[in-house]
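Inside the fold
Now for the letters of each chain:
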Amino acid sequence: MFRIRPVLVLLAALVAVTSCTSSGDKNDKKDESAAGMPDAGTLLKDSATAMREIKTAKFLITADGAISGLSLRRAEGTLTREGDAEGTAQIEQAGTNVDLTFVIVGDKIYIKGPTGGYQALPLSLAATVYDPSAILDPDKGIAKVLSTATDAKIEAAEAVDGTDAWRVALTANGADLATIIPGVTGDTPGKVWLGQQDKRLHKAVFTLPAEGGATGTVTVTFQEFDAPVDIKAP
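Residues numbered from 1 in each chain as written. Predicted model: local features only at pLDDT ≥ 70, side-chain atom pairs only at ≥ 80, totals over all residues. Heavy atoms only, no water.

**Quick look at the environment of Lys140**
The following threshold applies: The helix count covers DSSP runs of H or I at least four residues long, the strand count covers runs of E at least two residues long, and both are numbered beginning at the N terminus. Buried residues are those whose accessible area, probed at 1.4 Å on protein chains only, stays under 20% of the maximum for their type, while exposed residues exceed 50% and partly exposed ones sit between those limits.
Position of Lys140 relative to the elements: it lies in the loop between strand S6 (118-122) and helix H3 (142-148). By relative accessible area, Lys140 is classed as partly exposed at 40%. Residues Lys140 and Asp176, 36 residues apart in the sequence, show an inter-C-alpha distance of 7.5 Å.

**Points about the sheet that holds strand S10 (residues 201-209)**
Here is the rule: Between any two strands, at least two bridges found by DSSP are needed for them to pair. Throughout, an axis means a line fitted to C-alpha atoms (over the contacting stretch in the case of helices), and angles, computed between N-to-C directions, take values from 0 to 180 degrees. By definition in these notes, contact holds between two residues if any of their heavy atoms fall within 4.5 Å.
One open sheet holds the eleven strands; their spatial order is S6-S5-S4-S3-S2-S1-S11-S10-S9-S8-S7, and the pairing between them is antiparallel. The open sheet has two edge strands, S6 and strand S7 (150-157), and neither has a second partner. Pairwise comparison of adjacent strand axes, ignoring direction, gives a mean angle of 20° for this sheet. Across eight bridges, the pairing between strand S8 (residues 165-172) and strand S9 (residues 188-195) is antiparallel. Along S9, the bridge assignment pairs Leu170 with Gly190. Sheet strands touched by helix H2 (residues 40-52): S7, S8, S9 and S10. Its angle to S7, the strand with the most contacts, is close to 95°.

**Let's talk about the packing of aromatic side chains**
This is how the line gets drawn: Here a pair means two rings of Phe, Tyr or Trp (six-membered ring of Trp) with centres within 6.5 Å. Their orientation is stacked below 30 degrees between planes, edge-to-face above 60, and tilted elsewhere. Here, over-ring charges are defined by two tests on the NZ atom of lysine or the CZ atom of arginine: distance to the ring centre within 6 Å, and angle to the ring normal within 35 degrees.
Applying the stated criterion across every chain, the model contains one aromatic pair. When the ring centre of Trp193 is taken as origin, the NZ or CZ atom of Lys203, which lies over that ring, is 4.6 Å away.

**Some words on the pattern of salt bridges**
Rules: A carboxyl oxygen of Asp or Glu within 4 Å of a side-chain nitrogen of Lys or Arg is what we treat as a salt bridge.
The final tally for this structure, using the stated rule, is seven salt bridges. One salt bridge connects Lys144 with Asp176, and the closest N-O pair in it is separated by 3.4 Å. A residue pair is termed long-range when its members are at least 10 positions apart, and Lys144 in helix H3 and Asp176 in helix H4 (residues 174-177) qualify at 32 residues. Owing to a relative accessible area of 13%, Asp176 belongs among the buried residues under this scheme. The closest approach of N and O atoms between Asp230 and Lys232, which form a salt bridge, is 3.6 Å.

**Notes on the confidence of the model for the chain**
Applicable threshold: Confidence scores per residue from the predictor, reported as pLDDT, run from 0 to 100.
The share of residues in the chain with pLDDT of 70 or more is 81%, and the mean pLDDT across the chain is 81. Per-element confidence in the chain ranges from a low mean pLDDT of 46 for helix H1 (residues 4-17) to a high of 97 for S8. In this model residues 1-34 is a low-confidence stretch, pLDDT under 50, and it forms 123 contacts with partners more than four residues away in sequence or in other chains.

Structure (C-alpha coordinates):
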(Lines give C-alpha, C1' and ligand atoms only; values in the text may rest on other atoms or scores of the structure.)
Protein backbone atom coordinates (compact mmCIF):
# COMPACT_ATOMS: atom_id res chain seq x y z
CA MET A 1 0.00 0.00 0.00
CA PHE A 2 1.26 3.47 -0.81
CA ARG A 3 2.36 5.16 2.39
CA ILE A 4 0.95 8.42 3.78
CA ARG A 5 4.33 10.14 4.15
CA PRO A 6 5.14 10.30 0.41
CA VAL A 7 1.65 11.74 -0.12
CA LEU A 8 2.43 14.59 2.25
CA VAL A 9 5.80 15.14 0.59
CA LEU A 10 4.07 15.34 -2.79
CA LEU A 11 1.54 17.90 -1.56
CA ALA A 12 4.18 19.98 0.14
CA ALA A 13 6.23 19.99 -3.05
CA LEU A 14 3.24 20.92 -5.15
CA VAL A 15 2.90 24.11 -3.22
CA ALA A 16 6.32 24.92 -4.32
CA VAL A 17 4.67 24.99 -7.44
CA THR A 18 3.00 27.76 -7.02
CA SER A 19 5.77 29.92 -5.65
CA CYS A 20 5.85 33.36 -7.06
CA THR A 21 7.18 36.62 -5.80
CA SER A 22 6.57 40.27 -5.50
CA SER A 23 7.33 43.69 -4.30
CA GLY A 24 7.51 45.49 -1.01
CA ASP A 25 8.50 49.00 0.00
CA LYS A 26 11.98 48.53 -1.45
CA ASN A 27 10.42 48.15 -4.89
CA ASP A 28 8.88 51.61 -4.90
CA LYS A 29 12.00 53.15 -6.41
CA LYS A 30 12.32 53.52 -10.14
CA ASP A 31 14.91 51.26 -11.75
CA GLU A 32 16.87 53.86 -13.63
CA SER A 33 19.14 51.24 -15.20
CA ALA A 34 16.20 49.64 -17.02
CA ALA A 35 15.63 52.36 -19.59
CA GLY A 36 12.34 51.95 -21.43
CA MET A 37 11.12 49.32 -18.96
CA PRO A 38 8.30 49.69 -16.39
CA ASP A 39 9.00 50.30 -12.70
CA ALA A 40 9.71 46.94 -11.06
CA GLY A 41 7.72 47.68 -7.92
CA THR A 42 4.64 48.78 -9.81
CA LEU A 43 4.87 45.78 -12.14
CA LEU A 44 5.00 43.30 -9.26
CA LYS A 45 2.09 44.97 -7.49
CA ASP A 46 0.09 44.74 -10.71
CA SER A 47 1.08 41.08 -11.02
CA ALA A 48 -0.09 40.35 -7.48
CA THR A 49 -3.44 41.91 -8.34
CA ALA A 50 -3.68 39.87 -11.55
CA MET A 51 -2.85 36.60 -9.78
CA ARG A 52 -5.52 37.21 -7.14
CA GLU A 53 -8.09 36.92 -9.90
CA ILE A 54 -6.88 33.61 -11.35
CA LYS A 55 -9.43 30.77 -11.11
CA THR A 56 -7.53 27.89 -12.77
CA ALA A 57 -4.11 27.22 -14.27
CA LYS A 58 -1.96 24.50 -15.77
CA PHE A 59 1.34 24.09 -13.94
CA LEU A 60 4.69 22.38 -14.31
CA ILE A 61 7.24 22.11 -11.50
CA THR A 62 10.75 20.75 -11.85
CA ALA A 63 13.43 20.51 -9.16
CA ASP A 64 17.13 20.47 -9.99
CA GLY A 65 19.60 19.45 -7.31
CA ALA A 66 19.33 17.63 -3.99
CA ILE A 67 17.33 20.41 -2.32
CA SER A 68 17.14 20.04 1.44
CA GLY A 69 13.74 18.76 2.58
CA LEU A 70 12.30 18.44 -0.93
CA SER A 71 11.79 15.02 -2.58
CA LEU A 72 9.84 16.29 -5.58
CA ARG A 73 11.53 15.86 -8.94
CA ARG A 74 8.67 16.84 -11.23
CA ALA A 75 4.93 17.58 -11.07
CA GLU A 76 2.44 18.81 -13.63
CA GLY A 77 -1.30 19.17 -13.89
CA THR A 78 -4.23 21.49 -13.31
CA LEU A 79 -5.00 23.53 -10.21
CA THR A 80 -8.11 25.47 -9.20
CA ARG A 81 -8.51 28.38 -6.82
CA GLU A 82 -10.69 26.20 -4.59
CA GLY A 83 -7.79 23.80 -4.06
CA ASP A 84 -8.89 20.98 -6.38
CA ALA A 85 -6.11 19.57 -8.53
CA GLU A 86 -5.15 16.67 -10.75
CA GLY A 87 -1.98 15.58 -12.46
CA THR A 88 1.15 13.48 -12.18
CA ALA A 89 4.27 13.74 -10.07
CA GLN A 90 7.61 12.07 -9.58
CA ILE A 91 9.19 11.94 -6.12
CA GLU A 92 12.42 10.48 -4.87
CA GLN A 93 11.94 7.84 -2.19
CA ALA A 94 14.88 5.94 -0.72
CA GLY A 95 17.00 6.82 -3.74
CA THR A 96 14.39 5.69 -6.24
CA ASN A 97 12.10 7.87 -8.36
CA VAL A 98 8.43 6.97 -7.88
CA ASP A 99 5.76 8.07 -10.38
CA LEU A 100 2.35 9.01 -9.00
CA THR A 101 -1.03 10.16 -10.26
CA PHE A 102 -3.00 12.42 -7.94
CA VAL A 103 -6.47 13.96 -7.72
CA ILE A 104 -7.60 16.41 -5.02
CA VAL A 105 -11.33 17.08 -4.77
CA GLY A 106 -12.89 18.85 -1.81
CA ASP A 107 -11.70 17.24 1.40
CA LYS A 108 -10.30 14.10 -0.25
CA ILE A 109 -6.94 13.20 -1.76
CA TYR A 110 -6.70 10.31 -4.25
CA ILE A 111 -3.26 8.84 -4.93
CA LYS A 112 -2.33 6.14 -7.43
CA GLY A 113 1.15 4.65 -7.28
CA PRO A 114 3.06 2.63 -9.88
CA THR A 115 0.80 -0.36 -9.21
CA GLY A 116 -2.76 -0.80 -7.98
CA GLY A 117 -5.63 1.63 -7.97
CA TYR A 118 -6.34 4.92 -6.25
CA GLN A 119 -6.26 5.33 -2.49
CA ALA A 120 -8.66 7.87 -0.98
CA LEU A 121 -7.32 9.81 2.00
CA PRO A 122 -8.72 12.71 4.02
CA LEU A 123 -7.27 16.04 2.95
CA SER A 124 -6.87 16.85 6.64
CA LEU A 125 -3.96 14.40 6.79
CA ALA A 126 -1.93 16.83 4.71
CA ALA A 127 -3.22 20.04 6.27
CA THR A 128 -0.27 20.42 8.62
CA VAL A 129 2.13 20.21 5.68
CA TYR A 130 0.28 21.95 2.87
CA ASP A 131 -3.16 23.36 2.20
CA PRO A 132 -3.75 22.99 -1.57
CA SER A 133 -6.16 25.91 -1.60
CA ALA A 134 -3.29 28.20 -0.59
CA ILE A 135 -1.70 28.22 -4.03
CA LEU A 136 -4.30 30.47 -5.64
CA ASP A 137 -5.62 31.86 -2.37
CA PRO A 138 -5.69 35.66 -2.83
CA ASP A 139 -4.65 36.28 0.78
CA LYS A 140 -1.88 33.77 1.44
CA GLY A 141 -0.87 32.18 -1.84
CA ILE A 142 0.97 33.37 -4.90
CA ALA A 143 -0.42 36.86 -4.66
CA LYS A 144 0.85 37.21 -1.07
CA VAL A 145 4.36 36.14 -2.02
CA LEU A 146 4.34 38.59 -4.91
CA SER A 147 3.13 41.43 -2.73
CA THR A 148 5.83 41.04 -0.05
CA ALA A 149 8.98 40.33 -2.07
CA THR A 150 11.72 42.95 -1.98
CA ASP A 151 14.74 44.14 -3.98
CA ALA A 152 12.89 43.76 -7.28
CA LYS A 153 14.78 44.74 -10.40
CA ILE A 154 13.79 44.25 -14.03
CA GLU A 155 16.60 42.49 -15.86
CA ALA A 156 15.30 42.09 -19.40
CA ALA A 157 12.39 41.60 -21.77
CA GLU A 158 12.20 37.86 -22.38
CA ALA A 159 9.48 35.68 -23.89
CA VAL A 160 8.10 32.59 -22.10
CA ASP A 161 6.37 30.04 -24.34
CA GLY A 162 5.62 32.73 -26.89
CA THR A 163 4.35 35.28 -24.35
CA ASP A 164 6.25 38.57 -24.07
CA ALA A 165 7.34 39.01 -20.47
CA TRP A 166 9.60 40.99 -18.17
CA ARG A 167 12.25 39.02 -16.28
CA VAL A 168 12.44 40.35 -12.73
CA ALA A 169 15.02 39.44 -10.08
CA LEU A 170 13.84 39.67 -6.45
CA THR A 171 14.05 38.34 -2.94
CA ALA A 172 11.05 36.39 -1.63
CA ASN A 173 10.02 36.84 1.98
CA GLY A 174 10.89 33.57 3.74
CA ALA A 175 7.86 33.46 6.01
CA ASP A 176 5.45 33.94 3.10
CA LEU A 177 7.31 31.62 0.75
CA ALA A 178 7.20 28.90 3.41
CA THR A 179 3.44 28.62 2.90
CA ILE A 180 4.21 27.70 -0.70
CA ILE A 181 7.48 25.79 -0.23
CA PRO A 182 7.51 24.12 3.20
CA GLY A 183 10.87 24.17 4.89
CA VAL A 184 12.00 27.59 3.67
CA THR A 185 13.57 29.34 6.64
CA GLY A 186 14.89 32.59 5.24
CA ASP A 187 14.55 35.09 2.45
CA THR A 188 15.09 33.42 -0.91
CA PRO A 189 16.49 34.82 -4.18
CA GLY A 190 14.55 34.20 -7.34
CA LYS A 191 13.51 35.39 -10.75
CA VAL A 192 9.99 35.72 -12.11
CA TRP A 193 8.70 36.26 -15.63
CA LEU A 194 5.63 38.52 -15.73
CA GLY A 195 3.51 39.01 -18.84
CA GLN A 196 3.94 42.41 -20.43
CA GLN A 197 0.25 42.54 -21.31
CA ASP A 198 -1.57 40.36 -18.75
CA LYS A 199 0.84 40.97 -15.81
CA ARG A 200 0.42 37.32 -14.78
CA LEU A 201 3.20 35.10 -13.51
CA HIS A 202 4.28 32.78 -16.32
CA LYS A 203 7.48 31.40 -14.81
CA ALA A 204 9.40 31.48 -11.53
CA VAL A 205 12.81 30.12 -10.56
CA PHE A 206 13.96 30.01 -6.93
CA THR A 207 17.42 29.16 -5.64
CA LEU A 208 17.37 27.00 -2.51
CA PRO A 209 19.97 25.33 -0.27
CA ALA A 210 20.90 21.79 -1.28
CA GLU A 211 22.82 18.97 0.31
CA GLY A 212 26.55 19.33 0.77
CA GLY A 213 26.44 23.12 0.94
CA ALA A 214 25.45 23.43 -2.71
CA THR A 215 22.34 25.09 -4.16
CA GLY A 216 19.45 23.81 -6.23
CA THR A 217 16.60 25.38 -8.13
CA VAL A 218 12.84 24.92 -8.31
CA THR A 219 11.29 26.07 -11.59
CA VAL A 220 7.57 26.65 -11.92
CA THR A 221 5.67 27.55 -15.09
CA PHE A 222 2.01 28.40 -15.55
CA GLN A 223 -0.14 28.19 -18.70
CA GLU A 224 -3.80 28.21 -19.76
CA PHE A 225 -5.02 30.61 -17.11
CA ASP A 226 -8.75 30.40 -16.36
CA ALA A 227 -9.34 27.61 -18.88
CA PRO A 228 -12.48 25.54 -18.11
CA VAL A 229 -11.63 22.46 -16.00
CA ASP A 230 -13.69 19.60 -14.63
CA ILE A 231 -11.85 17.78 -11.87
CA LYS A 232 -13.70 14.77 -10.50
CA ALA A 233 -12.89 12.06 -8.02
CA PRO A 234 -11.64 8.89 -9.77
